[in-house]
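The chain contents come next:
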Amino acid sequence: MAPQQHSTGAGAGGCPMMTSTAGAPWPNNQDTKTAGSRGPVLLEDYQLIEKLAHQNRERIPERTVHAKGWGAFGRLKITGDISNFTCAKCLQKGKETPLLARFSTVAGE
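Residues numbered from 1 in each chain as written. Predicted model: local features only at pLDDT ≥ 70, side-chain atom pairs only at ≥ 80, totals over all residues. Heavy atoms only, no water.

## Describing the overall build of the protein chain
Under the convention used in this document: Strands here mean DSSP runs of E at least two residues long; helices mean DSSP runs of H or I at least four residues long; both are numbered from the N terminus. By the convention used here, residues are in contact when the closest approach between their heavy atoms is within 4.5 Å. In these tables, accessible area is a Shrake-Rupley quantity obtained with a 1.4 Å probe, and a residue counts as shielded only by the protein chains included in the view.
Counting its secondary structure elements, the protein chain contains one helix and four strands. If you take every contact in the protein chain between residues at least 6 apart in sequence, the share linking residues at least 24 apart comes to 32%. Split by element, the accessible area of the protein chain, about 9,100 Å² in all, is 57% carbon and sulfur.

## Thoughts on the packing of aromatic side chains
Put simply, the rule reads: Between 30 and 60 degrees the pair is tilted, below 30 it is stacked and above 60 it is edge-to-face, where a pair is any two Phe, Tyr or Trp rings, Trp via its six-membered ring, whose centres lie within 6.5 Å. Whether a residue is buried, partly exposed or exposed follows from its accessible area with a 1.4 Å probe, protein chains only, as a fraction of its type maximum: under 20%, in between, or over 50%, in that order.
By the definition in use, this model includes one aromatic pair. Here tryptophan 70 and phenylalanine 103 contribute two aromatic rings whose centre-to-centre distance is 6.2 Å and whose plane-to-plane angle is 25°, an arrangement assigned as stacked. With tryptophan 70 in strand E3 (residues 69-77) and phenylalanine 103 in strand E4 (residues 96-104), this pair connects stretches of sequence that are 33 residues apart. Owing to a relative accessible area of 54%, tryptophan 70 belongs among the exposed residues under this scheme.

## Quick word on the pairing of E3
Consecutive side chains of a regular strand alternate in pointing toward one face of the sheet and then the other. To keep it simple, the criterion reads: At least two DSSP bridges between two strands are needed for those strands to be called paired.
Within E3, only zero of the nine residues are buried, which leaves it mostly out in the open. Strand direction decides the pairing type here: E3 and E4, joined by nine bridges, are antiparallel. Within the sheet, the bridge partner assigned to glycine 74 lies in E4 and is leucine 99.

## Comments concerning the pattern of salt bridges
Defined as follows: We count a salt bridge whenever a side-chain nitrogen from Lys or Arg sits within 4 Å of a carboxyl oxygen from Asp or Glu.
Counted by the stated rule, this structure contains two salt bridges. Across the pair arginine 75 and glutamate 96 runs a salt bridge, and its minimum N-O distance is 2.8 Å. Of this pair, arginine 75 sits in strand E3 while glutamate 96 sits in strand E4, and the two are 21 residues apart along the sequence. The class of arginine 75 is exposed, set by a relative accessible area of 52%. Relative accessible area serves as the criterion here: at 42%, glutamate 96 is assigned to the partly exposed category.

## Notes on the confidence of the model for the protein chain
Keep this limit in mind: Known as pLDDT, the predictor's confidence for each residue is given on a scale from 0 to 100.
In this model, the protein chain carries a mean pLDDT of 78, and residues with pLDDT of at least 70 account for 73%. The least confident element of the protein chain is strand E1 (residues 4-10), whose mean pLDDT is 49; the most confident is E3, at 89.

Structure representation (structure tokens):
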């Protein structure tokens, strides 16, 4: 989980101090350990890993996947010249290509 604010113990200025999920004081929630001033983030920064793990598992109802939709199998026949959009050989004029199309919707019930 992300750091939590607890009223026990006070940080600087008498403000509540943040703690990790294990209850350890977490004085700085905005910076991370890196290898040098512009280096990569270090895996030893357990506070950042804990913060990211919580964010990754957070459920946001608006982002829940809606498994509604339909699909179609068929063949796609290119009847016009679309060579200015693609150079794929299977999408050149006169070519016929197997196709699977999936359509889904979130809006409307």
